[in-house]
Amino acid sequence: MCKYPQIEVELVGQDGNAFSVLGRVTQAMQRGRIPKEEIEKFTKEATSGDYNELLNTCMEWVNCDPSEDENDDDDDDDDGDDEDGYDHLQV
């Protein structure tokens, strides 16, 4: 489980450039009202290694495979809120 599962960022089929990936994830975190300090920690960790480290860090922090959630029909009310009370954001 990632740190912020309510933040959903689609990486598959998108521009794979490291700056593009980093930008999409940080923008999604900002829209999800993640504190600036947390986003700075994420950015520092994500940029501390190579491209694989960037992708691993993204997957540790946010939900990078939102299509997995489409198969989980535990909550069929479709109001956007999950059991955790957060609106799920998909980018």
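Thresholds, definitions, all that
- Residues numbered from 1 in each chain as written.
- Predicted model: local features only at pLDDT ≥ 70, side-chain atom pairs only at ≥ 80, totals over all residues.
- Heavy atoms only, no water.
- Salt bridge = Lys/Arg side-chain N within 4 Å of Asp/Glu carboxyl O.
- Helix = DSSP H or I, 4+ residues; strand = E, 2+ residues; numbered from the N terminus.
- Buried < 20%, exposed > 50% of the residue type's maximum accessible area, 1.4 Å probe, protein only.
- Core = buried A, V, L, I, M, F, W, Y, C linked by side-chain atoms within 4.5 Å.
- Contact = heavy atoms within 4.5 Å.
- pLDDT = per-residue confidence, 0-100.
- Polar contact = N/O pair within 3.5 Å; in protein donor to acceptor, adjacent residues only side chain to side chain.

Asks: What should I look at first to understand the pattern of salt bridges in this one?
Replies: Between side chains of opposite charge, a pair can form when the charged atoms approach closely. A full pass over the atoms with the stated rule returns 2 salt bridges. Taking the shortest distance from any N to any O, the salt bridge between Lys 3 and Glu 38 comes out at 2.9 Å. Taken together, the residues Lys 3 in the segment before strand S1 (4-8) and Glu 38 in helix H2 (residues 36-46) connect sequence positions 35 residues apart. The partner of Glu 38 in a salt bridge is Lys 41, and the shortest N-O contact between them spans 3.0 Å. Taken together, the positions of Glu 38 and Lys 41, both in helix H2 and 3 residues apart, correspond to about one turn of that helix. Of the residues examined, Glu 38 reaches a relative accessible area of 12% and is grouped as buried.

Asks: Explain the nonpolar core to me, please; I cannot follow it from the model alone.
Replies: For soluble globular proteins, nonpolar side chains are generally found buried alongside one another. Ile 7, Val 9, Val 25, Met 29, Phe 42, Cys 58 and Val 62 are the most contacted members of the largest nonpolar core, which has 18 residues in total. Only S1, helix H1 (18-31), H2 and helix H3 (51-61) provide two or more residues apiece to this core. Each residue touching Cys 58, except ones within four places of it in the same chain, is listed here: Leu 11, Val 21, Val 25, Phe 42 and Cys 64.

Asks: How do you make sense of the confidence of the model for the protein when you look at a structure like this?
Replies: Should pLDDT be low for a region, the predicted coordinates there are not to be read in detail. When pLDDT is averaged along the protein, the result is 82, and 74% of the positions lie at 70 or above. Taken as a whole, residues 73-78 scores under 50 in pLDDT and shows 2 contacts with residues more than four places along the chain or in a different chain.

Asks: Teacher, can you tell me more about the side chain of Glu 38 here?
Replies: A polar atom in the side chain of Glu 38 sits 3.0 Å from the side chain of Lys 41. Those residues within four positions of Glu 38 in sequence are excluded, and the remaining contacts are Lys 3, Tyr 4 and Trp 61.

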